Amino acid sequence: MKVNKIFIVILVISLLSGCGKRQINELALVSAVGIDQGSSPNSVRVTVQVVRPADARGQTGAPAGGTGEPIYSVQAEGKTIFEAIRNLARFSSRRVYWAHNFIIVINEKFARAGIADMIDFFTRNPELRMNTWIAATPNPASEVVSTITGLEVVPGEAVDKLFRYNEIVSEAPRTNMTRLQESYLNEYTHPVLARLELKNRGISNKKPEEFGSLKQIELSGTAVFKHDKMVGWLNRAQSRALLLFIENVDSGIEVITCPDLPNQDATLEVKSQSLHVKPIASGSVPSFHVDVSSRVELSESGCLATFNEMRGYLEEQMGNRVKEQIESLLAAAQKKYKVDILKLGEIYENEYPSEWRRIRDDWEDIFPQVQITIDSRAELTSAVLKITKKKIPRG
Amino acid sequence: MKVKITNGMFVALIMTIIYAKAIGVTQGSLAREIGHDMWIATILGTLQGIVMMILTAAILQKLPDQNFIGFAEALLGKWAGKIVAFVIFLFFLFSFGPIMVTFIYHFKDYFLPEAPIYLFIVVALIVGIFGGFHGLEVMARMALVGAFAVVCLNILLLTGSLSEFDIHNLRPVMEKGFIQTSWASRHYDTDWALATVMAGMILPMVKQSEKWVKAGWSGMILTCIAITMWPILEAAVLSAPVTAEYIVSCMHLARGAHIGIFLHRYELIMIALFSTSSLIQIMMSLYCSAHALSKIFGVKDYRPMLIPAGLALGAFGYWLVLDHLRAISFTEKEWPLISLPIAFLLPIILWTFGKLFRRKLSRS
Amino acid sequence: MDNLEKDITDSLAENTNIISAILGDSADINKREFSFGQLKGVCFFAAGLANTDQVSTIVRSFAVFGEHQDASGNRTIQAISRSLILNTSVETKTKINDGIKGILSGDTLVLLDGYKEYLLVETKGWDKRGVEEPSTENVVRGPRDGFTEDIRTNTSHIRRRIKNPDLRFDEMTIGDKTNTSINIAYLNGTVKKGLVEEIKSRLSRIKIDGVLESGYIEELIQDAPLSPFSTIQSTERPDKVSAALLEGRAAILVDNTPFALIMPSYFWEQLQAPDDYYNNFWMGTFFRMLRYFAFLTSVLLPSAYVMLISFHQEMIPTRLAFTIASGREVVPFPVLFEALIMELAFELMREAGLRMPKPVGQAVSIVGSLIIGQSAVQAGLISPFMVIIIAITGISSFAIPSYSTSFSIRLLRFPMLIASGTMGLLGFTCAFFMVMIHVLSIRSFGEPFFSPIAPFSASEHKDILVRVPWWAMVKRPRTASGELRRLGAGQKPKPPSTSEERHEGE
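Residues numbered from 1 in each chain as written. Chains lettered and ligands numbered in written order. Predicted model: local features only at pLDDT ≥ 70, side-chain atom pairs only at ≥ 80, totals over all residues. Heavy atoms only, no water.

A separate point is the sheet that holds strand 10 (residues 253-257) of chain A. Adjacent strands of a sheet pair through backbone hydrogen bonds, lying either parallel or antiparallel. All names here are of chain A. Read across the sheet, four strands follow the order 10-11-12-13 without closing on themselves; strand pairing throughout is mixed. A single partner strand is all that each edge strand has here, and the edge strands are strand 10 and strand 13 (371-382). Ignoring which end each strand starts from, the neighbouring axes of this sheet average 35 degrees apart. Pairing analysis gives five bridges linking strand 10 to strand 11 (residues 265-280), with the strands arranged antiparallel. When the sheet's bridge partners are listed, Ile253 is paired in strand 11 with Glu269. Along the sheet face, helix 9 (residues 236-246) touches strand 10, strand 11 and strand 12 (287-301) and points at about 45 degrees away from the line of strand 11. Those strands touched by helix 10 (residues 307-337) are strand 10, strand 11, strand 12 and strand 13, and its axis lies near 150 degrees from that of strand 13. (Pairing = 2+ DSSP bridges. Helix = DSSP H or I, 4+ residues; strand = E, 2+ residues; numbered from the N terminus. Axes fitted to C-alpha atoms, helices over the stretch in contact; angles between N-to-C directions. Contact = heavy atoms within 4.5 Å.)

What follows is the structure, encoded as structure tokens:
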């Protein structure tokens, strides 16, 4: 009896309450978001790329109809991000749903003005997931978001995969919401974002003679932030060096000129790289010793010399190359932008907590003066499948 | 037939009744106070909890058929029993606030933001009364299932977030100093207070009174092991400042967990497992407060008292949860002030009186 | 009807009249009067129930007796029954009541003139269905015989398997009108202490006019009468009953039905099949796990799907979410409604296929699968994903060996669906939690239904989640009393002594 009564009560309550529910097909599933500065400096323009499931996933027994385009991109403006998003509802027939968003693209201009509200909005909302990628772009974010890519049907998905398999080139940090929030909330370490750029790379199938008529999205480079404001870019080589500090790098290539032929190159593929930072407490300004070791393989060679003959030379060149990259990165971080994006402060804190407490309030001023020594070694362990090489007759 | 549960079930009850709030809400409060040393505070809290649990078990071993209320009654007469019953009722009444904070902020804020709060209260009360009505034995069996769920949840979370583990975030240890860290452990103390006061109510229904002490401390240690994983992961994966930002920080950790590319989010499964612990908290506080009420009004059976107890607890929970800020400030400020004196002083006072009236005790 | 309680008199005519009056003019009651020399008598028997050959044997033996006997009064009825009747069983009685019962259960009542007692000769012999393979519980490996409607055949099946004097069948008769005979089977000395007494006291409490199937008994003695779960296992398989008896349980056999009842029964047993024990233990364990999985799927899958689609879309893996959304694009119904329609349609198809004669049943399934599976999707009424979900759920529920359990799951599915379709995760977990509380609270003849998981008992786990090899299942389950070891020591098969040693011997 009791069981029945309770059951009836539950049934009545549940049917009365009818908490607002929307089926999955009544949602506009967002797959990418672009954030630009609006028409006035205080406003923000949000571009969303919405998936049209019926066209993105082909026929499933139901007539799909419509334009046949897999995505639908719309724009709205508002004073805050949330207002802009609510304004989308004026013309979106379905509720804009963010949970499946792959990527947030921020325009450089907007980023330079500060992204604190953006971070707050996207981490406050339970609907959003924390492994959404974040990237900055010098192009209009709206354009980046609505660019159709060749291989994937949904562009957001394409960028997602670009990030995921980016480790092959290792030229941009893989910053997702969790990491961005973590480094933003950390007082002494500053956030970095990946750089996305539109480049004319694609070749149209219909007009192959017009090379580069299609724009493609390229992931390479890094945007540097000071707290929430963007301060500038890092180039490809600097980004590679940065990745050594903040991520695990197990891939990438370096091209090194042959020892015997000045116009021919040997290509080395990085198999693993590891970096250790040793802080040294000395007076008011700490110094650091950076120790990098790389393991590389010879993957392409136009040189005359055999693998064995070149080995020492290539190892040395590779070591120097990495050292140069790190030096260039340090120059940018310490001299140009004056922000600690390398987590050096954290490393120092871990090792010397009491010393750190003394200097941490002045870290911003101390960091540019910090002395950093670099020791870079490389090890060439294999020439992949071959061991000898055909002698090319000189001349 | 008198209901008896085994010591293993008692351990499972301790584990499930502490777990739900300790991993989420408590860790956020700890992070706001002492940063990444949350896990140390949790362990320090456990040490205090073990002492109080052993004391509780030792007191009740003197009169193995009586709970705290019966013990006070046997020593100091009927009115003392009623006062203790009232104190215990108050404890569980206020405990329902943080319990509801845990339950509702997990479910509502992360999964059903549009559902009205009263729905959660009503459903929780229905389940709680349904479970309380079936009695301790069923709840204890449920706790076994709950303990299994806790283990599953821990494994799921571990597999999903270990890839982002960053040991740097945990160092340096004891940044804020020992005193502040141990002072912060009061937040975890409020969690185990639920377990010790519960033990004071249900221990007489546990078999083999000579094993109570061992079951008590081993339960506390197992709970500590199950819980400490969370602050360590929260600090290492999320970092302390991020943990401190959130009311329910464990959900934030769970939200980031993912297995491979396909299963990019599975906090739904985790929260389903988590809910066993949370619902057992609800059932248990209803059951214990109904027991205390029945002693206050001198009713033989506690079952009819489930309804008034449920209404009182539900009303308080609803009022508290309605306002996020009020809920968190109550959980962090007022709740330790209410729960800790009861959790510490009640066993100590009873123990002292037990010493004083030793002769009376041996006679009864 | 007070004649029933009377003893018979020594007047043949009077006795005949009384019995004829009691039995009325019922067409199937035969009266055979005979008179050989001075010996006069009447045989009463029920046509169809009594074997006419045996009845004529009785009459023939009286014929021989009457020819050679001058006086009848000088022989006692005991002497007649001992020296005259050739049938296997004969009793002398005086109460009319016993005689009537005997006639109605196939015996022959013989009234002799001048005697104050009568003979009740066993002549039972009616048409029985042959022993067939049980239709509800099929096995790949295992005995093929099943119970039939005849209780004696059924007890013989068990006796053939357990040739032990401790195997007892205690007889009771239940049903004021039907007088159905019921046997309680148990192994004396092994059965759980107090179980047989408990069963007897519950059975003797029953006051009902008729028992036509063991389901009547099951509902009248169950511990949790309101529960959708059945705490008594019913089976058609003698090997299952025998295994239960060896584990210290008891069984109730009811006449006129092939379904025996086994008690106490745990939840887990209803998901186990006899095959588990006959096949390789790896196979047994795997199939068992598979069935547990099927159980969870058939309870939770539809509600989980509805919950995900209507509340927690963020939890669906992104690529899957796009696919589901594209399938639902044109579906006009809310997903809860869609699921309920499909569940009902599925149940209808199952029920229709079951009740129809076999050839028509096939037509039902073809029409059903074509309409539901193909046309509904093409017309855009139902999303293809929902069809898949319902199909998986249906298949999973068919994988559960016990029919009554798969039925209780079916019932649970609907409240679960409604709860999770209206309240999302909250409804889903709370509904599941309440089902769990219910399951944990019920008992089966003093044994917790969910044991040995909760309450936990480590020693029983060799035969719950996994099935350990027979040589490792050393002990009987906790339910059994008496000797707990069921296995001798060192039963794990070993290869014969190593080959090197043998070489040395040669």
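This part is about the nonpolar core. If you look at the biggest cluster of nonpolar residues, it comprises 167 residues, and the most contacted ones within it are Leu13(B), Ile18(B), Ile88(B), Met284(B) and Leu426(C). The contacts of Leu13(B), once residues within four sequence positions are left out, are Ile5(B), Leu136(B), Met139(B), Ala140(B), Ala143(B), Met198(B), Ile202(B), Ile280(B) and Met284(B). Counting residues in each nonpolar core, the second largest holds 52 residues, with Tyr188(A), Val277(A), Trp363(A) and Ile372(A) among its members. (Core = buried A, V, L, I, M, F, W, Y, C linked by side-chain atoms within 4.5 Å. Buried < 20%, exposed > 50% of the residue type's maximum accessible area, 1.4 Å probe, protein only.)

Interface extent is often summarised as the accessible area lost during association of the parts. Residues and elements named next belong to chain A. Considered domain by domain, chain A is made up of domain 1 (23-234) and domain 2 (237-395). Taken together, the contact pairs 25 residues of domain 1 with 23 residues of domain 2. Both faces considered, domain 1 and domain 2 share a buried interface measuring about 1,900 Å² in area, 58% of it formed by carbon and sulfur atoms. Interface area lost by domain 1 to domain 2 is led by Ser170, Tyr188 and Leu234, which between them contribute 35%. The interface formed by domain 1 and domain 2 contains three salt bridges. The partner of Arg174 in a salt bridge is Glu247, and the shortest N-O contact between them spans 4.0 Å. (Domains from an automatic or database assignment. Buried area = accessible area lost by both parts, 1.4 Å probe. Salt bridge = Lys/Arg side-chain N within 4 Å of Asp/Glu carboxyl O.)

Before going further, it helps to spend a moment on the sheet that holds strand 4 (residues 108-112) of chain C. All names here are of chain C. Ordered in space as 1-2-4-5-3, the five strands form an open sheet in which the pairing is antiparallel. One side of each edge strand has no neighbouring strand; the edge strands of this open sheet are strand 1 (29-36) and strand 3 (90-93). Across this sheet, the average inter-strand angle for adjacent strands is 20 degrees, counted without regard to direction. Relative to strand 5 (residues 118-121), strand 3 is paired through four bridges, and the arrangement is antiparallel.

What follows is about helix 6 (residues 195-204) of chain C. Residues and elements named next belong to chain C. Taken residue by residue, helix 6 has Leu195, Val196, Ile199, Arg202 and Leu203 as its buried positions. Buried positions in helix 6, seen along its axis, are confined to an arc of 130 degrees and lie on one side of it. Structurally, helix 6 contributes buried residues whose contacts are with strand 6 (167-174), strand 7 (180-187), helix 7 (214-221), strand 9 (250-254) and strand 10 (260-263). (Arc of directions from axis to C-beta.)

Remark: the centre distance and the inter-plane angle together describe each pair of aromatic rings, the angle taken between the planes. Enumeration over the complete set of coordinates arrives at 36 aromatic pairs over all chains. With centroids separated by 4.9 Å and ring planes inclined at 80 degrees, the aromatic side chains of Phe121(A) and Phe122(A) adopt a geometry described as edge-to-face. A single burial state applies to Phe121(A) and to Phe122(A), both of which are buried. Their ring planes at 15 degrees and their centres at 6.1 Å tell us that Tyr305(C) and Phe385(C) sit as a pair that is stacked. Of this pair, Tyr305(C) sits in helix 10 (residues 281-310) while Phe385(C) sits in helix 14 (residues 384-398), and the two are 80 residues apart along the sequence. (Phe/Tyr/Trp six-rings, centres within 6.5 Å; stacked < 30°, edge-to-face > 60°.)

Listed per partner, the contact involves 29 residues of chain C and 33 residues of chain B. A combined buried area of about 2,700 Å² lies between chain C and chain B, and 82% of that area is made up of carbon and sulfur atoms. Of all residues in chain C, the largest losses of buried area upon contact with chain B belong to Met315(C), Leu426(C) and Phe433(C), amounting jointly to 24% of the total for that side. Put simply, chain C and chain B have one salt bridge between them. With a shortest N-O distance of 3.2 Å, Arg443(C) and Glu137(B) are connected by a salt bridge. Where chain C packs against chain B, one counts three residue pairs in polar contact (both at pLDDT 80 or more). Looking at the side of chain C that touches chain B, the elements that each hand over two or more residues are helix 10, helix 11 (318-328) and helix 15 (403-441) of chain C. With 13 residues, the single largest contributor to the side of chain C that touches chain B is helix 15 of chain C. Tallied by class, residues from the side of chain C that touches chain B come to 21 nonpolar, six polar and two charged. (Polar contact = N/O pair within 3.5 Å; in protein donor to acceptor, adjacent residues only side chain to side chain. Nonpolar A, V, L, I, M, F, W, Y, C, P; charged D, E, K, R; others polar.)

Residues annotated by UniProt as "domain: Spore germination GerAC-like C-terminal" (unreviewed entry) correspond here to residues 220-380 of chain A. For the annotated span residues 220-380 of chain A, helix accounts for 38% and strand for 37% of the residues, and the straight-line distance between the end C-alpha atoms is 26 Å. (UniProt positions renumbered as here; feature names shortened; annotations may be inferred.)

It is worth spelling out the packing of helix 1 (residues 7-34) of chain B against helix 2 (residues 38-62) of chain B at this point. Residues and elements named next belong to chain B. Axis separation between helix 1 and helix 2 bottoms out at 10 Å; the angle between their running directions is 135 degrees. Regarding the angle of helix 1 to helix 2, the classification is oblique. By crossing handedness, the relation of helix 1 to helix 2 is classed as right-handed. Contacts between helix 1 and helix 2 pair Ile14, Gln27, Leu30, Ala31 and Ile34 from the former with Met38, Ala41, Thr42 and Met53 from the latter. (Parallel < 35°, antiparallel > 145°, perpendicular 65-115°, else oblique. Left-handed = near helix turned anticlockwise from the far one by under 90°.)

For the coordinates displayed, the defined rule picks out one disulfide over all chains. Cys250(B) takes part in no disulfide bond, and the closest cysteine sulfur, belonging to Cys152(B), lies 17 Å away. (Disulfide = S-S within 2.5 Å.)

As a further point, take the pattern of salt bridges. Residue and element names in this part refer to chain A. Summed over the entire model, instances satisfying the criterion amount to 55 salt bridges over all chains. With a shortest N-O distance of 3.8 Å, Arg236 and Glu171 are connected by a salt bridge. One end of the pair, Arg236, is in helix 9; the other, Glu171, is in the loop between helix 7 (155-164) and helix 8 (177-185), and 65 residues separate them in sequence. The buried category is assigned to Glu171, whose relative accessible area is 15%.

A few words on the environment of Gly252(A). All names here are of chain A. Mapped onto the elements of the fold, Gly252 is located in the loop between helix 9 and strand 10. When the C-alpha atoms of Gly252 and Glu69 are compared, they prove to be 36 Å apart, with 183 residues separating the residues in sequence. Apart from the residues within four sequence positions on either side, Gly252 is in contact with Ile168, Val169, Arg240, Leu268, Glu269 and Val270.

Residue and element names in this part refer to chain C. Per-chain confidence: chain C averages 86 in pLDDT, with 96% of residues scoring 70 or above. Highest mean pLDDT in chain C belongs to strand 9 (95); lowest belongs to helix 16 (residues 499-505) (54). For this predicted complex, the interface score ipTM comes out at 0.91, alongside a pTM of 0.88. (pLDDT = per-residue confidence, 0-100.)

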